Amino acid sequence: MGSTPDDQHETDGDAPVDDDLFDDAPAERLSWMRLFALVALVAIVGVVAGTGLMRKRASSAAQPLQRSWSVPYVDTTLTPTYEFQDPQSNPARDIALAFVVADPKSACTPSWGGAYSLEGASQQLELDRRITQLRAAGGDIMVSFGGQTNAELATVCTDDDALVSAYRAVVERYDVRVIDLDIEGAAVADGPSIERRANAIATLQKEQAAAGKSLAVWLTVPVSTTGLTADGIALVRSTIEGGVDLNGVNAMTMNFGDADHPTADMLTATKQAIEDTVNQVSGIYSAEGLELGPAQSWAHVGATPMIGQNDVKGEVFTLEDAKGLADFAMAKGLGRVSTWSLNRDQPCGASFADVTVVSDTCSSVDQKPLDFANVFTVLPGRAPFQPPTGSVTVNERHQTADDQAKSPYPIWRPEAQYPEGYKVVRGGLVYQAKWYTQGQDPSATVANPWDTPWSLVGPVGPNDVPFTPTKLAPGTYPDWNPKTLYAKGATVLYDGLPYQARWPNQSAVPSSLFPVPPDSAWDPQFAVPGEPTGP
């Protein structure tokens, strides 16, 4: 699939887990997605992370496992930001966030796409808040490490303890129960990094188990129409032998041919690749002491097509192909289906002239927004956990009177004019303006996401710090005086904060409400809460 400067790749995966695995979830995490039990319908044997997967034998099953799980990828750092936390923008709800990679300046430090630290993503992308909102809406995340661009942590971090700490930092910050290891390019055959990664993930799984939690792991790898390559088979085997309880192998069913010999029938090629991968994975597991029945073998495999135009010119995965894959996954009990990516699940605009070239932000095929996502939402394994009876959601818990002294952004005002990108607080929730707006209540119910100028970001959290601008030392500029006639461009201090005159004025008081009204004579000369900022 296509790649962006920050982090891109094509596919990733995750697996559902037993309800009991979420009993110790934090109170704020009110709704968890199911990680389906990778088991047969006739003889059920737990195979999710933390159950000693590779050292237990499972009974064979006569019927397919009808629990395929839809978990599409979101390119987390791609601009424009995909609002995965808003149910009106994300019918899938459960999503795979891609990609965590090594910080280019610090090999053992995790980053989002090499562009944002974990804390930077929280501040600049509102990632933590958006994840909280997704969970409150009944969904959950899987985190994907690696991808096509940038360096997966184990390929550059050679300190074993630091590598464990890097993976741990991500798992603990986002309280994830499923991760995806997306290994591509030269990393597929890089023996030292494969060994380091396996040891680190196995250690982390043991730590999570000791804490009463689970950590399910999927391994995402490129495939051909004949399944895993020789290097891919060795990668899967080495990962298991390194001690990782591996939930399954996610096949990147894309880019099968080349420019001279593109694959015309992508659905047939995809099915063949999956079937061969299932046979290979079953053989690998068997060699490691786990005999899988037919249904269990399918449950240990996932598939990730690249929707629409693939990287290979002439290879197009159509909506009809998607429908065929959904039917195939249901019939076989395929463990999961992901797509690359929700960011691309829309038609290309008139400005994108050459639809035979892959785009990061559109599919290049004739479709309506989210058509591909809606095809795969029929897969039953995507159903999230529901809050216990009598519990309240994050949204309900925060529907109280807003207090500016406790809010990280300005309280929404109907008379204020908000430019694109401005953030406000309304009813305990943070919203961001999608375009210029005035007077439209962010909390108002709308039929379609395009009917409102506001995008829901997430709840105001208990750790949010109210905005407090830094006051300047007395004398930095003259104090504002109602008797002074100010010329355009004059700078004053008002309550210790700098303002500049927009036009000549006298006795016009600088506004302390943000955004400043357009008829205000004074323009703040300091960072204002809610105003859009660059990365």
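This text goes with the structure placed above it.
Note that the structure is predicted; figures quoted are calculated from it, not measured.

How each quantity is defined
Residues numbered from 1 in each chain as written. Predicted model: local features only at pLDDT ≥ 70, side-chain atom pairs only at ≥ 80, totals over all residues. Heavy atoms only, no water. Helix = DSSP H or I, 4+ residues; strand = E, 2+ residues; numbered from the N terminus. Salt bridge = Lys/Arg side-chain N within 4 Å of Asp/Glu carboxyl O. Buried < 20%, exposed > 50% of the residue type's maximum accessible area, 1.4 Å probe, protein only. Pairing = 2+ DSSP bridges. Axes fitted to C-alpha atoms, helices over the stretch in contact; angles between N-to-C directions. Contact = heavy atoms within 4.5 Å. Disulfide = S-S within 2.5 Å. Left-handed = near helix turned anticlockwise from the far one by under 90°. Nonpolar A, V, L, I, M, F, W, Y, C, P; charged D, E, K, R; others polar. Phe/Tyr/Trp six-rings, centres within 6.5 Å; stacked < 30°, edge-to-face > 60°. Lys NZ or Arg CZ within 6 Å of the ring centre and 35° of its normal.

(A) Seen up close, unusual backbone geometry. The linkage connecting alanine 98 with the following residue, phenylalanine 99, adopts the cis geometry, with an omega of -10°. The residue phenylalanine 99 is located in strand S3 (residues 95–103) in this model. Proline 515 follows phenylalanine 514 through a cis peptide bond whose omega is 0°. Considering the arrangement of structural elements, one finds proline 515 in the loop between strand S23 (505–506) and strand S24 (522–524). Its identity is not glycine, yet serine 364 carries a phi of approximately 70°, on the positive side. Residue position: serine 364 is located in the loop between strand S14 (336–337) and helix H10 (371–376).

(B) The pattern of salt bridges, seen in detail. Summed over the entire model, instances satisfying the criterion amount to 15 salt bridges. With a closest N to O distance of 2.8 Å, glutamate 126 and arginine 129 form a salt bridge. For arginine 129, a relative accessible area of 10% gives the class buried. Here arginine 336 and aspartate 180 are joined by a salt bridge, their closest N and O atoms 3.8 Å apart. Taken together, the residues arginine 336 in strand S14 and aspartate 180 in strand S7 (residues 178–182) connect sequence positions 156 residues apart. For aspartate 180, a relative accessible area of 0% corresponds to the buried category. Each of Glu126, Arg129, Lys423 and Asp464 takes part in a single network of salt bridges with overlapping partners.

(C) Structural view of the sheet that holds strand S19 (residues 454–459). Spatially, S16-S17-S19 is the arrangement adopted by the three strands of the open sheet, whose pairing is antiparallel. Because the sheet does not close on itself, it has two edges, and the strands there are strand S16 (423–426) and S19. Neighbour-to-neighbour, the strand axes of the sheet open up by a mean angle of 30°, direction not taken into account. As paired strands, strand S17 (residues 429–433) and S19 are joined by five bridges and run antiparallel to one another. What sits directly across from alanine 433, in S19, is tryptophan 454. Across the sheet, helix H2 (residues 127–136) touches S17 and S19, and the angle it forms with S19 is around 90°.

(D) How the structure looks around the side chain of glutamine 309. Relative to the assigned elements, glutamine 309 resides in strand S12 (residues 308–309). For glutamine 309, a relative accessible area of 3% translates into the label buried. Among all residues touching glutamine 309, those that are not within four sequence positions of it are Gly314, Glu315, Val316, Arg344, Val355, Thr356, Val357, Val358, Ser363, Ser364 and Val365.

(E) Spotlight on the state of the cysteines. Taken as a whole, this structure holds two disulfides when the rule is applied. Between the sulfur atoms of cysteine 108 and its disulfide mate cysteine 157 the distance is 2.0 Å. One disulfide, between cysteine 108 and cysteine 157, carries an S-S torsion of 100° and so falls in the right-handed class. With cysteine 108 in strand S4 (residues 106–112) and cysteine 157 in the loop between helix H3 (153–156) and helix H4 (160–174), this residue pair connects regions lying 49 residues apart in the sequence.

(F) Spatial organisation of the packing of helix H6 (residues 230–241) against helix H7 (residues 266–287). Contact geometry of H6 with H7 gives a least axis separation of 10 Å together with a crossing angle of 35°. Viewed along their axes, H6 and H7 form a crossing whose handedness is right-handed. On H7, the residues that touch Ile233, Val236, Arg237 and Ile240 of H6 are Gln280, Ile284 and Tyr285. Its residues placed into classes, the contact of H6 with H7 shows five nonpolar, one polar and one charged.

(G) Region of the structure containing the packing of aromatic side chains. Scanning the entire structure with this criterion turns up 13 aromatic pairs. Aromatic side chains phenylalanine 514 and phenylalanine 526 sit 6.0 Å apart centroid to centroid with 85° between the ring planes, which places their arrangement in the edge-to-face category. Of this pair, phenylalanine 514 sits in the loop between S23 and S24 while phenylalanine 526 is found in the segment after S24, placing the two residues twelve residues apart along the sequence. The exposure class of phenylalanine 514 is buried, given its relative accessible area of 13%. Of the residues examined, phenylalanine 526 reaches a relative accessible area of 14% and is grouped as buried. Through a chain of ring-to-ring contacts, three or more aromatic side chains come together here, namely Trp480, Tyr494, Tyr499, Phe514 and Phe526. Lying over the aromatic face of tryptophan 218, arginine 336 brings its terminal NZ or CZ to 5.3 Å of the ring centre.

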